[in-house]
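Each chain, letter by letter, is given below.
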Amino acid sequence: MSGGTRKFSVTIPEELAATVQARIGSASFSAYVSKALARQVERDNLREIVAAAESQHGPVDRAGVEGKRALLRTGPEGRSDSHTSAA
């Protein structure tokens, strides 16, 4: 997402704002919020893709998804992959 910026006024619960401010310190609050919004848009887009696929092909097989997750965690040879299991 490149281009200009636009200023918005938003209302955030005090506790959340304090938590964010403590986490980011002197970094840009706006940059943190922008990144969070970008991640949310990505998640919304993925939900739309899944919904479209499910409407065309039926619901996702949850057992199959868990099987693939397990494969990603252990790798094809059955050994634990520290890069994927830390999540």
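The rules behind each value
- Numbering of residues begins from 1 in every chain and follows the order in which that chain's sequence is written.
- Two thresholds apply to this predicted model, a pLDDT of at least 70 for residue-level local features and 80 or more for giving and counting side-chain atom pairs, whereas whole-chain, interface and lining totals are computed over all residues.
- Values shown for side chains rest on all heavy atoms present in the structure; no hydrogens or waters enter the calculation.
- Here the term patch refers to residues with relative accessible area over 30% and no salt bridge, with like charges joined within 9 Å and nonpolar side chains (Val, Leu, Ile, Met, Phe, Trp, Tyr) within 5 Å.
- To measure how exposed things are, a 1.4 Å probe is used in the Shrake-Rupley method; for residues, cover is taken only from the protein chains shown.
- When a carboxyl oxygen of Asp or Glu is within 4 Å of a side-chain nitrogen of Lys or Arg, the pair counts as a salt bridge.
- Each helix is a run of H or I in the DSSP string that is no shorter than four residues. Each strand is a run of E no shorter than two, and both are numbered from the N terminus.
- Burial classes follow relative accessibility: with a 1.4 Å probe on protein chains only, a residue under 20% of its type's maximum area counts as buried, one over 50% as exposed, and anything between as partly exposed.

Together, Phe 8, Val 10, Ile 12 and Leu 16 line one region of the surface with nonpolar side chains, adding up to about 390 Å² of accessible area. Note on placement: Phe 8 falls in the segment before helix H1 (14-24).

So, on to the pattern of salt bridges. Pairing of side chains with opposite charge becomes possible as their charged atoms draw close. A full pass over the atoms with the stated rule returns 2 salt bridges. Notably, a salt bridge pairs Asp 44 with Arg 47, separated by 3.2 Å at the nearest N-O pair. Pair noted here: Asp 44 and Arg 47 are both in helix H2 (residues 29-57), with a separation of 3 residues, about one helical turn. When its relative accessible area of 32% is taken as the criterion, Asp 44 is described as partly exposed. Close ionic contact of Arg 69 with Glu 66 constitutes a salt bridge, the shortest N to O distance being 2.8 Å. Residue Arg 69 and its partner Glu 66 are both found in helix H3 (residues 62-74); the two are separated by 3 residues, about one turn of the helix. Given the relative accessible area of 45%, Arg 69 is considered partly exposed. Using a relative accessible area of 38% as the deciding quantity, one classes Glu 66 as partly exposed.

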